[in-house]
Amino acid sequence: MAAPSRSPSSSTSSPTPPGSALETVRQAPHGRILLDALAAGVLAALLALPILGFRLIEVTGGLALDYRFRLVGLAALGVFAGRILVLEARLALAAWRPAAARPETRRTFLGAYASRQSFGWILALLALILPWLPFADRNLIDKATLLLIYVMLGWGLNVVVGLAGLLDLGYVAFYAVGAYSYALLSQNFGLSFWVCLPLAGLLAAVFGMLLGFPVLRLRGDYLAIVTLGFGEIVRVILLNWQDVTGGPNGVSGIQRPSFFGHPFTATTPTGTTFHDLFGLPFSPDHRIIFLYYLSLTLALATNLVTLRIRRLPIGRAWEALREDEIACRSLGIDPTRTKLSAFATGAMFAGFAGSFFATRQGFISPESFSFLESAIILAIVVLGGLGSQIGIVLSAILLVGLPEWFRDLQQYRMLAFGGAMVLIMLWRPRGLMASRDPTVRLAAVPTSPGTGG
Amino acid sequence: MYCSSRPALLTVDHLSMRFGGLFAVNDLGFTAYGSEITAIIGPNGAGKTTLFNCLTGFYKPSVGRIALTAPGAPRFLLERMDGYRIARDARVARTFQNIRLFPGMSVLENLLVGQHTPLMRASRYSLAGLLGLRGYRLQERRSLDTARYWLDRTGLTAQADQPAGSLPYGSQRRLEIARAMCTEPALLCLDEPAAGLNPRESLDLNQLILDIRQEQGIGILLIEHDMSVVMTISDHVIVLDHGSLIADDDPAGVRCDPAVIRAYLGTAEDEDLPTEVAADLNRTAAGGRS
Ligand SMILES: Nc1ncnc2c1ncn2[C@@H]1O[C@H](COP(=O)(O)OP(=O)(O)O)[C@@H](O)[C@H]1O
Ligand SMILES: [Mg+2]
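Residues numbered from 1 in each chain as written. Chains lettered and ligands numbered in written order. Predicted model: local features only at pLDDT ≥ 70, side-chain atom pairs only at ≥ 80, totals over all residues. Heavy atoms only, no water.

(A) Examining the interface of chain A and chain B more closely. Taken residue by residue, the interface counts 45 residues in chain A and 55 residues in chain B. Summed over the shared surface of chain A and chain B, the number is one salt bridge. A salt bridge links Asp-324 of chain A to Arg-100 of chain B; the shortest N-O distance between them is 2.9 Å. Between the two partners, chain A and chain B, sit seven residue pairs in polar contact (both at pLDDT 80 or more). Where the side of chain A that touches chain B is concerned, the elements lending two or more residues are α12 (285-310), α13 (313-323), α14 (325-330) and α15 (335-361) of chain A. (Contact = heavy atoms within 4.5 Å. Salt bridge = Lys/Arg side-chain N within 4 Å of Asp/Glu carboxyl O. Polar contact = N/O pair within 3.5 Å; in protein donor to acceptor, adjacent residues only side chain to side chain. Helix = DSSP H or I, 4+ residues; strand = E, 2+ residues; numbered from the N terminus.)

Next up, the structure:
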């Protein structure tokens, strides 16, 4: 990722991708290790601040914010010290191991293109058979569904942050727009899930454009701050626009999903229920499993579309814009429109995820769309290694899955989240899967006759 | 005053660019012709890069008019257009004094981004692209062929799948030219393309520029410091000093122009280099060895 752009020394000599930990180690005696660890520590502090730094506590007469900056400091310090240890250990190990054995073993470990692809297929297969595995109970399937929502959100935000390089801290706003669109459309107009889903995506995309239009002229930090504000504005509107959104009470009794018109209930006043349709005994598990497969379908569709978009001219323009906006303009790319399209595309996927979230919960309120959610999704994308689809799945499992597991431990849940984050940063400070595959390879393109310019 | 039998391509009139009290370009007027190499020379800080920035829309000139009349296209007044529209509609392509590639993307991808306009048109708001329709696939094939052609011309085929940022300095320069050519420009502006190249690379580059003019028949504006290069490959030389035009002639005429000699002898060339040039030279020293 952070390839030292114009230095000719980083050219062809090393087979390891530039920027990888091993490269750092190899040409790096201790000063560089210190720098690397420092960078990791700062990043950890930034990510930990919103997640570990604040906690809501109940005091007499309401809620208050508890500041836990010491925890943030500890996390950053832990990453810093741990990173030094890990790198020094690797350095010692690399010196000790025979030289010839080094690069290849490293490359094949999830790093090489082919093995990463097969790893993706294995994950997909595992997801497909998950409900039928012997250890899969109701609880696990339900958690996996939630995980898939985050994966979907991560893939959507990745378009904006990973590809287009726009730091969006208010992504949860589009998630909220999607959820409320579904809730209100289905309650007020009685539209079904399959009608509401595209509408919710469309509405979120339109919102993305409306926000993007005035904001996208800003760069870097300014953009981050304005999007953060926008996310809060949307939440405050949801809280205060009582007549439409129900304010803090939210919207309840949202239409639950049905199997193409056959509800997952024990009985139904009209038509047939799902279990009657298939002649099964009634079980509440049916709905859970159906929801799981629905979320898997949506997530896989998101994956397919975002993977494909990356190979289209618009996807390449997003990445080019992230790399050098001035060069883009000199090639005839309209930066504003291109950024806007990235924003709208990301928002659309958040809209889909939001409307699925609403139908799964049956109840939504502004509380589900706080800044913390934005921070978690962003952490998933950043720690997954900006731009990598599988990296996002892995970091979602670590960041959302693990803490869900510890939900019984109540207040230690966020600690588990922080712990998972620290572990990832120690292991791979540039994200789980930081290397980038080209969208097209010359070797893979057939030559056609009549080549000309 | 330079005269040519070829049709005028770019006409600049009374162009001025002010930064505070400094006129980086001062009431400049000249004409560049199609199928010719027009060299722009002058001491450091003369305003050459600023002129390019005005031509390509990165600066809005304070005063003046820039008209482009490419064969088979309407006349464009560049001073009124946004930078990306100058590249897209008027077809002016440029390279940068300090190279601007997409370093994390592969060499081939850099060349495909250069063909964004036709690819984007064929992908029809990305719908045809997403569905993989025939029209899009054909355009993609065409664009890959164009990319392959320029890879071949610039000797980068073997590195096509490497990140652009990992190329040696000289190859990055050539890649930037190849990327500009992928936009099928009517006018190509090269800002010190030979800076930092070793003599061999520099010779190859001169040949490439001559070939581009010969084969594509486009106009080329070339900022160049090496006078021997200017004298051998350019048809027309424009000399700037402190933002003003001091000579506009063919190479032989410029060589013995008293004003030019004064401008060049009056300033010791290597003193007070602008920092960017100094940085360039340092990089060159590092890059030349590898
Ligand atoms: N964006 C800018 N703001 C202020 N001054 C500038 C800017 N760009 C260029 N200049 C000034 O304009 C003059 C001409 O610079 P430039 O066009 O880069 O010279 P050249 O390319 O001929 O070496 C210099 O004195 C430079 O400092
Ligand atoms: Mg210059």
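(B) Molecular detail of the domain arrangement of chain B. All names here are of chain B. Taken domain by domain, chain B comprises domain 1 (1-91 + 193-290) and domain 2 (100-184). On a C-alpha basis, the centroid separation for the pair domain 1 and domain 2 is 26 Å. Carbon and sulfur atoms make up 60% of the area that domain 1 and domain 2 hide from each other, which totals about 1,300 Å². When the buried surface of domain 1 facing domain 2 is broken down by residue, Arg-91, Leu-208 and Ile-212 rank first, second and third, together holding 31% of it. At the boundary of domain 1 with domain 2, the tally comes to two salt bridges. (Domains from an automatic or database assignment. Buried area = accessible area lost by both parts, 1.4 Å probe.)

(C) A look at the sheet that holds strand β8 (residues 219-223) of chain B. All names here are of chain B. Taking strand neighbours across the sheet as the criterion, the six strands line up as β6-β7-β8-β3-β9-β10 in an open arrangement whose pairing is mixed. Whereas interior strands pair on both sides, the edge strands pair on one side only; in this sheet they are β6 (92-94) and β10 (244-249). Pairwise comparison of adjacent strand axes, ignoring direction, gives a mean angle of 20° for this sheet. Bridging between strand β9 (residues 236-241) and β10 involves five bridges; their strand directions are antiparallel. The residue of β10 that forms the bridge with Asp-241 is Ser-244. Set on the sheet, helix α8 (residues 199-216) makes contact with β3 (37-41), β7 (187-191) and β8; between it and β8 the angle comes to about 160°. (Pairing = 2+ DSSP bridges. Axes fitted to C-alpha atoms, helices over the stretch in contact; angles between N-to-C directions.)

(D) Layout of the packing of aromatic side chains. Counted according to the given criterion, the structure contains 15 aromatic pairs over all chains. Their ring planes at 70° and their centres at 6.2 Å tell us that Phe-349 of chain A and Phe-352 of chain A sit as a pair that is edge-to-face. Here the residue Phe-349 of chain A and the residue Phe-352 of chain A both occupy positions in helix α15, the gap between them amounting to three residues, near one helical turn. Both residues of the pair, Phe-349 of chain A and Phe-352 of chain A, belong to the buried class. Here the aromatic residues Tyr-171, Phe-174, Phe-230 and Phe-343 of chain A are joined through ring pairs into a cluster of three or more. If you follow Arg-100 of chain B out to its NZ or CZ, it ends over the ring of Phe-96 of chain B, 5.7 Å from the centre. (Phe/Tyr/Trp six-rings, centres within 6.5 Å; stacked < 30°, edge-to-face > 60°. Buried < 20%, exposed > 50% of the residue type's maximum accessible area, 1.4 Å probe, protein only. Lys NZ or Arg CZ within 6 Å of the ring centre and 35° of its normal.)

(E) Quick peek at the side chain of Gln-139 of chain B. All names here are of chain B. Position of Gln-139 among the secondary structure elements: in helix α6 (residues 134-153). Accessibility expressed as a relative area gives 11% for Gln-139, which makes it buried. Discounting chain neighbours no more than four positions away, the residues touching Gln-139 are Pro-118, Leu-119 and Ala-122.

(F) Looking closely at the sheet that holds strand β1 (residues 8-19) of chain B. All names here are of chain B. Spatially, β2-β1-β4-β5 is the arrangement adopted by the four strands of the open sheet, whose pairing is antiparallel. A single partner strand is all that each edge strand has here, and the edge strands are β2 (22-33) and β5 (75-77). Adjacent strand axes in the sheet meet at a mean angle of 15°, parallel and antiparallel pairs treated alike. Strand contacts of helix α1 (residues 48-55): β1, β2 and β4 (63-69), with the helix running at about 115° to β1, the strand carrying the most contacts.

(G) Summary view of helix α7 (residues 169-182) of chain B. All names here are of chain B. Helix length check: α7, at 14 residues, gives a terminal C-alpha distance of 20 Å against a target of 20 Å (1.5 Å per residue), a fit within 8%. For α7, the buried fraction is high: 13 of the 14 residues fall into the buried class. Looking at the residues trailing α7, positive phi occurs at Glu-184, about 50°. (Expected span 1.5 Å × (residues − 1).)

(H) Seen up close, the pairing of β9 of chain B. All names here are of chain B. With six of six residues buried, β9 is to be regarded as a mostly interior element. The alternating pattern of β9 places His-236, Ile-238 and Leu-240 and Val-237, Val-239 and Asp-241 on opposite faces, both of which are buried. Where β3 meets β9, four bridges bridge the pair, whose relative direction is parallel. Directly across from Thr-38, in β9, lies its bridge partner His-236. The antiparallel hairpin formed by β9 and β10 contains two residues in its connecting segment, where His-242 sits at a positive phi of about 50°.

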